Amino acid sequence: MSGAEPQATPLLSIRGLRVDFATDAGSVPAVRGVDLDIGISETVALVGESGCGKSVTAMSVMRLLTGRISAGSIRFGNTELQSLSEPEMRRIRGAQIGMVFQEPMTSLNPVLTIGKQIEEVLTLHQRLTSSAARAHAVELLKRVGIPSAERRASQYPHELSGGMKQRVMIAMAISCRPKLLIADEPTTALDVTIQAQIMDLLGSLQQELGMAVLLITHDLGVVAHFAERVAVMYAGKIVEQGAVRDIFKRAAHPYTRALLAALPDPLRTAARLEAIPGRVPLPRMLPAGCAFCARCKHVFEPCPGVLPELFPIAPGHSAACFLHDPRRAPSNVPCQ
Amino acid sequence: MPQAASVSVNSGPQSPLVEVSGLRKYFPVRGGLFGGVVNQVRAVEDVSFSIKRGETLGLVGESGCGKTTVGRLLLRLIEPSAGRVRFGGEDLATLSSSALRQMRQRMQIVFQDPYSSLNPRRTVGDAIGEPLFVHGRARGAELERRVTELLERVGLPGGYRSRYPHEFSGGQRQRVCIARALALSPELVVCDEAVSALDISIQAQILNLLRDLQDEYGLTYLFISHNLNVVRHIADRIAVMYLGKLVEEADAERLFESPQHPYTRALMSANPVPDPDVPLRPVCLQGELPSPLDPPAGCRFHTRCPSAFQPCSHIVPEARLISGPHTTEGHRVWCHLYDDAPNSD
Ligand SMILES: Nc1ncnc2c1ncn2[C@@H]1O[C@H](COP(=O)(O)OP(=O)(O)O)[C@@H](O)[C@H]1O
Ligand SMILES: Nc1ncnc2c1ncn2[C@@H]1O[C@H](COP(=O)(O)OP(=O)(O)O)[C@@H](O)[C@H]1O
Ligand code: SF4
Ligand SMILES: [Mg+2]
Ligand SMILES: [Mg+2]
């Protein structure tokens with residue numbers, strides 16, 4: 001593990017990202033001002049419950065969005081991704097930024113052998129003879145732990161188990177040695193023993209390639225073991241950011257704390273879980289202030305009306321909650 | 001384990017409500033030119049367990065290991081290929097169809113997907129009231145009163161009875177499904193991945209609700225889930241399945257503290273606890289899950305077991321009883337490493 005503070009010159013830098021979807025019921029804000037940095041070869045987890053905007057954030061980086069980026073900047077190295085033409089973006093996608101999704105089946109082509117699919121990615125970004133591409137594809141399959149890789153290369157996706165399909169997806173995503181891998185719920189559809197294998201594979205590839213990983217998941221167990229830094233999202237905003245131990249041991253935002261307390265934990269068994277009352281507000285019912293205020297047990301006078309910014313807690317650790325605003329915080333700040 | 005020779009004496013509070021023995025389910029696979037049976041999926045093989053009244057038995061194992069099939073066999077939603085299910089001391093196979101219908105009112109099921117288990121065109125009040133109406137338990141104003149009461153019991157305003165499923169969130173829909181399952185005052189509720197699709201904050205609400213309902217009505221649960229932490233939280237005892245067979249069964253605490261079967265150990269070791277200071281050292285299982293069309297001989301786990309030895313590939317291990325702390329109900333393991341331990345039957 002490297003340092004837990006964001007690097008001075010990050011690989012990916014998202015600032016003020018806002019995404020809105022046009023729906024029958026009007027415009028729906030999905031991402032409402034996200035700032036996120038990912039350093040070179042760093043693992044950052046983006047966590048939060050379904051619908052909070054994790055995938056939309058990832059798709060914005062990849063420019064694979066059906067919605068509209070209404071504001072913000074996404075810099076990758078020295079390049080502003082939003083200013084690129086589609087052909088320029090295609091050269092970055094797959095080659096510099098790889099992506100793995102939850103459902104390998106929907107991202108693999110059912111009528112092409114897995115070997116051919118990897119060869120296609122390779123030849124799209126590199127000048128390779130077809131025999132070199134084939135050999136490279138088999139090497140990649142071996143590297144991601146597919147047994148009898150030569151034989152498997154001529155199989156179709158439906159002939160593989162879920163775990164093997166995910167390995168193929170990873171082989172495709174890393175085929176051009178990307179600097180950043182975005183893994184959106186890569187193990188959510190998999191059983192826990194397979195999940196352990198896939199996460200282990202991602203970890204070793206990351207080391208080998210020096211690649212950064214944006215790990216999107218709702219599984220806090222996975223986050224605890226694989227992330228260096230964590231960003232917690234709620235209703236389209238990042239509400240807390242910090243090193244993994246900041247989040248799990250010194251959580252500062254009431255939502256993060258409530259989420260951790262609501263988890264069934266085999267090491268801390270109690271008859272009842274501390275459930276969070278209520279539900280995430282619908283996008284059209286968001287308060288002007290903190291989106292968590294209706295469920296928060298610390299809510300006080302600025303919360304419903306004023307939007308809290310990310311207040312610093314410690315180096316690299318911040319929380320969007322007025323309890324941590326030195327100008328407003330009530331004297332009885334709940335301690336850890 | 002109760003291999004009761006006696007009949008129908010199981011009415012005391014400590015006696016099992018459910019006793020399953022030698023349960024087997026093979027699903028025919030049709031194919032070929034004439035659509036004949038060409039093979040069979042050996043989904044469940046020789047499964048035996050019992051659940052006491054008011055107890056929660058957790059059933060865990062990876063997808064396709066047969067958990068849902070066991071749940072459906074228990075409720076007799078499908079016929080077993082062999083074996084016996086006793087409910088309240090009565091063998092379900094010997095019941096007449098009308099007696100079975102009566103019996104079914106005493107057992108209910110809640111599924112993972114509250115979206116597909118509710119008819120989008122019917123109000124949730126109709127959905128909850130239907131079993132009461134169909135079984136002639138309530139009509140008219142009384143039916144309305146009961147539906148309101150059930151909605152309120154699961155934490156929803158009674159006035160929501162005239163709303164449609166699409167107006168509810170996932171967690172609220174699961175509450176509606178639970179209210180419907182409770183309508184006939186069942187004794188057993190099978191929860192099949194009932195909280196698996198829910199977000200953490202909502203999952204905690206539903207787990208608390210299930211616990212409260214159990215305390216209030218003395219419900220017995222078969223709680224099926226692939227999530228080990230959830231099962232550890234809710235279950236008194238846990239049974240672990242692999243490829244259609246039970247491999248281990250013990251008190252929940254005991255199973256987590258001292259798993260014995262090599263598969264249970266692998267499963268536990270791969271389960272990430274949400275704490276970065278608890279090391280994760282997964283035991284990697286070799287190879288892939290074999291097909292239930294042609295499960296391995298002997299111990300079904302032997303092709304992937306890090307401890308496999310000579311008898312494993314051809315002799316089916318029998319249930320052995322292990323003793324130790326927290327083993328009030330017996331800790332059963334199906335593994336040749338324990339062949340010296342006493343036979344559990
Ligand atoms: N194509 C779309 N059209 C309209 N709304 C969308 C679309 N995609 C996502 N959303 C909305 O954006 C919000 C964030 O979604 P998403 O990023 O997929 O959440 P998650 O955190 O579960 O990945 C949700 O409220 C979702 O309903
Ligand atoms: N109706 C059916 N016909 C054929 N095979 C089935 C049927 N139902 C389940 N199976 C098979 O039986 C096995 C066990 O399935 P299931 O009980 O659903 O497992 P689990 O609930 O543990 O995921 C799987 O291999 C599944 O494909
Ligand atoms: S800002 Fe206020 S409402 Fe929001 S989480 Fe903090 S205390 Fe609660
Ligand atoms: Mg998503
Ligand atoms: Mg199932």
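Before any of the text, the structure's been laid out above.
Residue positions within a chain follow its written sequence, with the count starting from 1. As they are written, the chains are lettered A onward and the ligands numbered 1 onward, keeping that order. Two thresholds apply to this predicted model, a pLDDT of at least 70 for residue-level local features and 80 or more for giving and counting side-chain atom pairs, whereas whole-chain, interface and lining totals are computed over all residues. Values shown for side chains rest on all heavy atoms present in the structure; no hydrogens or waters enter the calculation.

1. Side note on the overall build of chain A
Formally: Each helix is a run of H or I in the DSSP string that is no shorter than four residues. Each strand is a run of E no shorter than two, and both are numbered from the N terminus. With C-alpha atoms as the basis for the radius of gyration, the globule rule is written as 2.2 Å multiplied by the number of residues raised to the power 0.38. Summary of the burial criterion: residues with accessible area below 20% of their type's maximum are buried, those above 50% are exposed, and those between are partly exposed, where the area comes from a 1.4 Å probe applied to protein chains only. Contacts between residues were defined by any pair of non-hydrogen atoms, one from each residue, lying within 4.5 Å. Here the positive residues are Lys and Arg and the negative ones are Asp and Glu; neither His nor the chain ends is included. Every charge is mapped to an atom, namely NZ of Lys, CZ of Arg, CG of Asp or CD of Glu.
Scanning chain A for helices and strands turns up 11 helices and 12 strands. Taking 20 Å as the expected radius of gyration for a compact globule of 336 residues, we find that chain A reaches 21 Å, a close match to that expectation. Its C-alpha atoms give chain A principal-axis dimensions of about 70 × 50 × 40 Å. Going through the 336 residues of chain A one by one, you find that 54% of them count as buried. A sequence separation of at least 24 residues applies to 63% of the contacts in chain A between residues at least 6 apart. Of the side-chain charges in chain A, 35 are positive and 30 negative, and the distance between the mean point of each set is 1 Å.

2. Description of the site of ligand 1
Residue and element names in this part refer to chain A. The criterion, for reference: Whether a residue is near a molecule or strand is decided by its heavy atoms; if any one of them lies within 4 Å of it, the residue is near. For the purposes of these results, a polar contact is taken to be a pair of N or O atoms within 3.5 Å, where, inside protein, one atom must be able to donate a hydrogen and its partner to accept one; residues adjacent in sequence count only when each atom of the pair is a side-chain atom. Values of accessible area rely on a 1.4 Å probe in the Shrake-Rupley scheme; residue burial ignores everything except the protein chains shown.
All residues adjacent to ligand 1 are Phe21, Ala30, Glu49, Ser50, Gly51, Cys52, Gly53, Lys54, Ser55, Val56 and Thr66. One nitrogen or oxygen atom from the main chain of Cys52 is found 3.3 Å from an oxygen atom belonging to ligand 1. Contacts to ligand 1 include Gly53, whose backbone N or O atom sits 3.0 Å from an oxygen atom. When the free accessible area of ligand 1 is taken as 560 Å², the share hidden by the protein chains comes to 63%. Sort the elements by how many residues they give to the shell around ligand 1 and helix 1 (residues 54-62) lands first, with three residues.

3. Observations concerning the environment of A:Leu286
Residues and elements named next belong to chain A. Tracing the backbone through its elements, the reader meets Leu286 in the loop between helix 11 (254-262) and strand 11 (311-314). Sequence separation between Leu286 and Val222 is 64 residues; the distance between their C-alpha atoms is 30 Å. Contact partners of Leu286, with chain neighbours within four places excluded, come to Pro29, Arg32, Ala235, Pro281 and Ala291.

4. Considering the site of ligand 2
Residue and element names in this part refer to chain B. The immediate surroundings of ligand 2 are formed by Phe27, Val41, Ala43, Glu62, Ser63, Gly64, Cys65, Gly66, Lys67, Thr68, Thr69 and Pro292. The separation between an oxygen atom of ligand 2 and a polar main-chain atom of Lys67 is 2.9 Å. Between an oxygen atom of ligand 2 and a side-chain N or O atom of Thr68, the distance comes to 2.8 Å. Protein chains shield 64% of the accessible area of ligand 2, which is 560 Å² for the free molecule. Where the shell around ligand 2 is concerned, the elements lending two or more residues are strand 2 (36-52) and helix 1 (67-74). At three residues, helix 1 tops the list of elements feeding residues into the shell around ligand 2.

5. Overview of helix 1 of chain B
Counting buried positions along helix 1 of chain B yields six of eight residues, so the element is predominantly enclosed. Of all the positions in helix 1 of chain B, only B:Lys67, B:Thr69, B:Val70, B:Gly71, B:Leu73 and B:Leu74 are classed as buried.

6. Observations concerning the nonpolar core
The following threshold applies: Here, nonpolar core means buried Ala, Val, Leu, Ile, Met, Phe, Trp, Tyr and Cys residues that are tied together by side-chain atoms lying within 4.5 Å of each other.
Within the largest apolar cluster, 98 residues are counted, with the highest numbers of intra-cluster contacts made by B:Ile178, B:Phe223 and B:Ile238. Of the residues forming this core, the biggest block, eight residues, is contributed by helix 6 (residues 200-217) of chain B. Ignoring any residue separated from it by four or fewer positions in sequence, one finds B:Ile238 in contact with B:Leu57, B:Gly58, B:Val60, B:Val231, B:Arg232, B:Glu248, B:Glu249, B:Ala250, B:Ala252, B:Leu255 and B:Phe256. Counting 36 residues, the second largest nonpolar core, distinct from the first, contains A:Ala137, A:Ala171, A:Leu201 and A:Val213.

7. Digging into the interface of chain B and chain A
It is common to report an interface's size as the accessible area lost on association of the parts. Note the following rule: Accessible area that two parts lose when put together, evaluated with a 1.4 Å probe and summed over both, is termed the buried area. Any Lys or Arg side-chain nitrogen found within 4 Å of a carboxyl oxygen on Asp or Glu counts as a salt bridge.
With 37 residues of chain B at the interface, the matching set in chain A holds 41 residues. Here chain B and chain A share an interface that buries about 3500 Å² over both sides, 58% of which is from carbon and sulfur atoms. Looking only at chain B, the three residues that lose the most surface to chain A are B:Ile200, B:Pro274 and B:Pro276, adding up to 18% of its buried area. With a shortest N-O distance of 3.4 Å, B:Asp277 and A:Lys249 are connected by a salt bridge.

8. Examining empty space enclosed by the protein
Residue and element names in this part refer to chain B. To keep it simple, the criterion reads: Points on a 1 Å grid, built from protein atoms alone, make a cavity when a 1.4 Å probe fits but cannot get out and make a pocket when they are open with protein on both sides within 12 Å along at least 5 of 7 lines; residues with an atom within 4 Å of a point are the lining residues. Grid points are joined across faces, edges and corners, and a volume is the space filled by probe spheres set on the points. Classes in brief: Ala, Val, Leu, Ile, Met, Phe, Trp, Tyr, Cys and Pro nonpolar; Asp, Glu, Lys and Arg charged; the others, Gly included, polar.
All told, the structure shown has seven cavities of 30 Å³ or more when counted by the stated rule. Of the volumes computed, that of the second largest cavity is approximately 100 Å³. Element by element, the count of residues in the lining of the second largest cavity is highest for strand 10 (residues 245-251), at three residues. Residues of the lining of the second largest cavity, tallied by class, amount to eight nonpolar, two polar and two charged.

9. What to know about the pairing of strand 9 (residues 229-234) of chain A
Residue and element names in this part refer to chain A. As a reminder, the rule being used: One requirement defines pairing of two strands: DSSP has to find at least two bridges between them.
Across the six residues of strand 9, six count as buried, placing the element largely inside the fold. Neither face of strand 9 is exposed, since Arg229, Ala231 and Met233 on one face and Val230, Val232 and Tyr234 on the opposite face are all buried. In this structure, strand 3 (residues 43-47) lies alongside strand 9, joined through four bridges in parallel fashion. Note that in strand 9 the partner of Val44 across the bridge is Arg229.

10. As for the packing of helix 5 (residues 170-182) of chain B against helix 6 of chain B
A pair of packed helices can be characterised by two numbers: the angle between their axes and the separation between those axes. Residue and element names in this part refer to chain B. Condition: Inter-axis angles, ranging from 0 to 180 degrees, are taken between N-to-C directions of lines fitted to C-alpha atoms, where helices are fitted over the stretch in contact. An angle below 35 degrees is treated as roughly parallel, one above 145 as roughly antiparallel, one from 65 to 115 as roughly perpendicular, and anything else as oblique. Whether a crossing is left-handed or right-handed is set by the direction in which the near helix is turned from the far one by less than a right angle, anticlockwise for left-handed and clockwise for right-handed.
Contact geometry of helix 5 with helix 6 gives a least axis separation of 10 Å together with a crossing angle of 15 degrees. The orientation of helix 5 with respect to helix 6, classified from their angle, is roughly parallel. Classified by chirality, the crossing of helix 6 by helix 5 is right-handed. Across the interface between the two elements, Gly171, Gln174, Arg175, Ile178 and Leu182 from helix 5 touch Ile202, Gln205, Ile206, Leu209, Leu210 and Leu213 from helix 6. Class assignment for the residues of the contact of helix 5 with helix 6 results in seven nonpolar, three polar and one charged.

11. As for the environment of A:Gly289
All names here are of chain A. Mapped onto the elements, Gly289 comes out in the loop between helix 11 and strand 11. Note on Gly289: relative accessible area 0%, which makes it buried. Between the C-alpha atoms of Gly289 and Gly305, which are 16 residues apart in sequence, the distance is 4.3 Å. Not counting residues within four places of it along the chain, the set of residues in contact with Gly289 comprises Cys303, Pro304, Gly305, Val306, Leu307 and Pro308.

12. Describing the pattern of salt bridges
One pass over the full model with this rule turns up 32 salt bridges over all chains. Notably, a salt bridge pairs A:Arg15 with A:Asp37, separated by 3.0 Å at the nearest N-O pair. Taken together, the residues span a long stretch of sequence, with A:Arg15 in strand 1 (residues 12-23) and A:Asp37 in strand 2 (residues 26-38) at a distance of 22 residues. A:Arg15 gets classed as partly exposed once you look at its relative accessible area, which sits at 38%. Classification of A:Asp37 as buried rests on a relative accessible area of 13%. The closest approach of N and O atoms between B:Asp339 and B:Arg320, which form a salt bridge, is 4.0 Å.

13. Re the packing of aromatic side chains
Residues and elements named next belong to chain B. Condition: Here the aromatic set is Phe, Tyr and Trp, taking the six-membered ring for Trp, and pairing holds for ring centres within 6.5 Å; pairs whose planes are under 30 degrees apart are stacked, those over 60 apart are edge-to-face, and all others are tilted.
Scanning the entire structure with this criterion turns up eight aromatic pairs over all chains. Centre to centre, the rings of Tyr242 and Tyr263 are 4.7 Å apart; their planes meet at 50 degrees, and the pair counts as tilted. On the criterion of sequence distance, the pair formed by Tyr242 in strand 9 (residues 237-242) and Tyr263 in helix 9 (residues 262-270) is long-range, its members being 21 residues apart. The class of Tyr242 is buried, set by a relative accessible area of 2%. Pairing Tyr242 with Phe301 gives two aromatic rings, centres 4.9 Å apart and planes at 80 degrees, and the pair type is edge-to-face. Of this pair, Tyr242 sits in strand 9 while Phe301 sits in the loop between helix 9 and strand 11 (319-322), placing them 59 residues apart in sequence.

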